[in-house]
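Observations on chain architecture
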Amino acid sequence: MSKTILDEQAIRRALTRIAHEIIERNKGTDDIVLVGIKTRGAYLAERLAARIEDIEGKRVATGEIDITLYRDDLSHKNASNEPKLHGTDIKTDIANKKVVLVDDVLYTGRTVRAGLDAIIDIARPAQIQLAVLIDRGHRELPIRPDYVGKNVPTSKSEVVDVKLTEVDQEEQVRII
């Protein structure tokens, strides 16, 4: 059984609100770089950049990171199943910039921790903030988002399924 918690319009509204919050908290868009965690986080970062440009009339830099090699569960995977690398692509120097790390769902915090490690390996930003579309709780690490599209209390047996047009040809968030 599944329940839709965000439809296309609700996703759009949540991203618009997050874009406004990013601008307000940072007093504009100077020195901001949006970095999405592959795959869906990268598309959400691009969408946020477009919203910020609509609001401020100025494009902020974006990039995407692949956290595959930074995951702490690689040793638990099947050894014959090599991890697939998707590459990191950040064309802007992030040293001394305000990096907003973007992901679709915040759950245990382990993906975000891997993202933080990947960013810090590239350069030392002035600040790292976290934006997520869905915060579902159940943290295993002391990680808290700065910007949240929707808080969704879940049980550990439930799955939050984010579908984005760029990847899935549909747009919705469901709890399964």
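Above this text is the structure in question.
Residues numbered from 1 in each chain as written. Predicted model: local features only at pLDDT ≥ 70, side-chain atom pairs only at ≥ 80, totals over all residues. Heavy atoms only, no water.

1. Description of the pairing of strand S3 (residues 61-65)
Short version of the rule: Here a strand pair is declared whenever DSSP counts at least two bridges between the two strands. Helix and strand definitions follow DSSP, with helices as H or I runs of at least four residues and strands as E runs of at least two, each counted in order from the N terminus. Seen with the strands pointing away from the viewer, any crossover whose path from the first strand over the helix to the second strand runs clockwise is right-handed.
Looking at chain direction, strand S2 (residues 32-37) and S3 are connected through 5 bridges and run parallel. Each bridged residue has a counterpart across the sheet, and for Val-35 the counterpart in S3 is Gly-63. A crossover links S2 with its parallel partner S3, the connecting element being helix H2 (residues 40-56), and its sense is right-handed. Here 2 bridges tie S3 to strand S4 (residues 89-90), and the two strands are oriented antiparallel to one another.

2. Description of the sheet that holds strand S1 (residues 3-6)
Stated precisely, the cut-off is as follows: Here an angle of 0 to 180 degrees is reported between the N-to-C directions of two axes, which are lines fitted to C-alpha atoms, with helices fitted over the stretch in contact.
Ordered in space as S1-S9-S8, the 3 strands form an open sheet in which the pairing is antiparallel. Edge strands, defined here as strands with exactly one partner in the open sheet, are S1 and strand S8 (160-163). Each neighbouring strand pair of the sheet contributes to a mean axis angle of 30°, computed without reference to strand direction. When S1 meets strand S9 (residues 172-175), the two strands line up antiparallel, connected through 3 bridges. Note that in S9 the partner of Leu-6 across the bridge is Val-173.

3. Focus: the sheet that holds strand S7 (residues 147-151)
The line we're drawing: Any two residues whose heavy atoms approach within 4.5 Å at even a single point are treated as in contact.
One open sheet holds the 6 strands; their spatial order is S4-S3-S2-S5-S6-S7, and the pairing between them is mixed. Bordering the open sheet on either side are S4 and S7, each of which pairs with just one other strand. As paired strands, S2 and strand S5 (residues 98-106) are joined by 5 bridges and run parallel to one another. In the sheet register, Ile-32 faces S5, and the bridge partner there is Lys-98. Relative to the sheet, helix H1 (residues 8-25) contacts S2, S5, strand S6 (127-135) and S7, its axis offset from that of S7 by approximately 150°. Along the sheet face, H2 touches S2, S3, S5 and S6 and points at about 150° away from the line of S2.

4. Quick look at the layout of surface pockets
Quick note on the threshold: Using a grid of 1 Å spacing that covers the protein atoms alone, one calls a set of points a cavity when a 1.4 Å probe fits there but cannot get out, and a pocket when the set is open and has protein on both sides within 12 Å along at least five of seven lines; lining residues are those with an atom within 4 Å of a point. Grid points are joined across faces, edges and corners, and a volume is the space filled by probe spheres set on the points. Basically, the charged four are Asp, Glu, Lys and Arg, the nonpolar ten are Ala, Val, Leu, Ile, Met, Phe, Trp, Tyr, Cys and Pro, and anything else, Gly included, counts as polar.
Approximately 180 Å³ is the volume attributed to the second largest pocket. When its residues are assigned to classes, the lining of the second largest pocket shows 6 nonpolar, 3 polar and 4 charged.

5. Focus: the nonpolar core
Where we set the bar: Residues belong to one nonpolar core when they are buried, are Ala, Val, Leu, Ile, Met, Phe, Trp, Tyr or Cys, and are joined through side-chain atoms within 4.5 Å. Any residue under 20% of the maximum accessible area for its type is buried, any over 50% is exposed, and the rest in between are partly exposed; the area is computed with a 1.4 Å probe on protein chains only.
Ranked by size, the top nonpolar core spans 31 residues in total, and within it Ile-22, Leu-34, Leu-48, Val-100, Leu-133, Ile-134 and Val-173 carry the most contacts. At the level of elements, S1, H1, S2, H2, S5, S6, S8 and S9 are the ones that each hand at least two residues to this core. The dominant element in this core, judged by the number of residues it contributes, is H1, at 8 residues. The contacts of Val-173, once residues within four sequence positions are left out, are Lys-3, Thr-4, Ile-5, Leu-6, Ile-11, Leu-133, Ile-134, Val-160, Asp-161 and Val-162. Counting 19 residues, the second-largest nonpolar core is a separate cluster that includes Ile-94, Val-99, Ile-119 and Val-132.

6. Observations concerning H2
Condition: The span you would expect from a helix comes to 1.5 Å times its residue count less one.
Between its first and last C-alpha atoms H2 spans 24 Å; for 17 residues at 1.5 Å apiece the expected length is 24 Å, and the two agree. In this structure, the buried residues of H2 make contact with H1, S2, S3, S5, S6 and helix H4 (165-168). Positioned one or two residues after H2, Gly-57 has a phi angle of 75°, which is positive.

7. Looking at the pattern of salt bridges
The condition is simple: Salt bridges are identified by distance alone: a Lys or Arg side-chain nitrogen within 4 Å of an Asp or Glu carboxyl oxygen.
One pass over the structure, following the stated rule, counts 15 salt bridges. When the shortest N-O distance is used, the salt bridge between Glu-21 and Arg-17 registers 3.6 Å. Of this pair, Glu-21 and Arg-17 both sit in helix H1, 4 residues apart, which is roughly one turn of that helix. Exposure remark for Glu-21: the relative accessible area of 30% places this residue in the partly exposed category. Given a relative accessible area of 34%, Arg-17 falls into the partly exposed group. A single salt-bridge network, built from bridges that share partners, covers Glu-46, Glu-53 and Arg-59.

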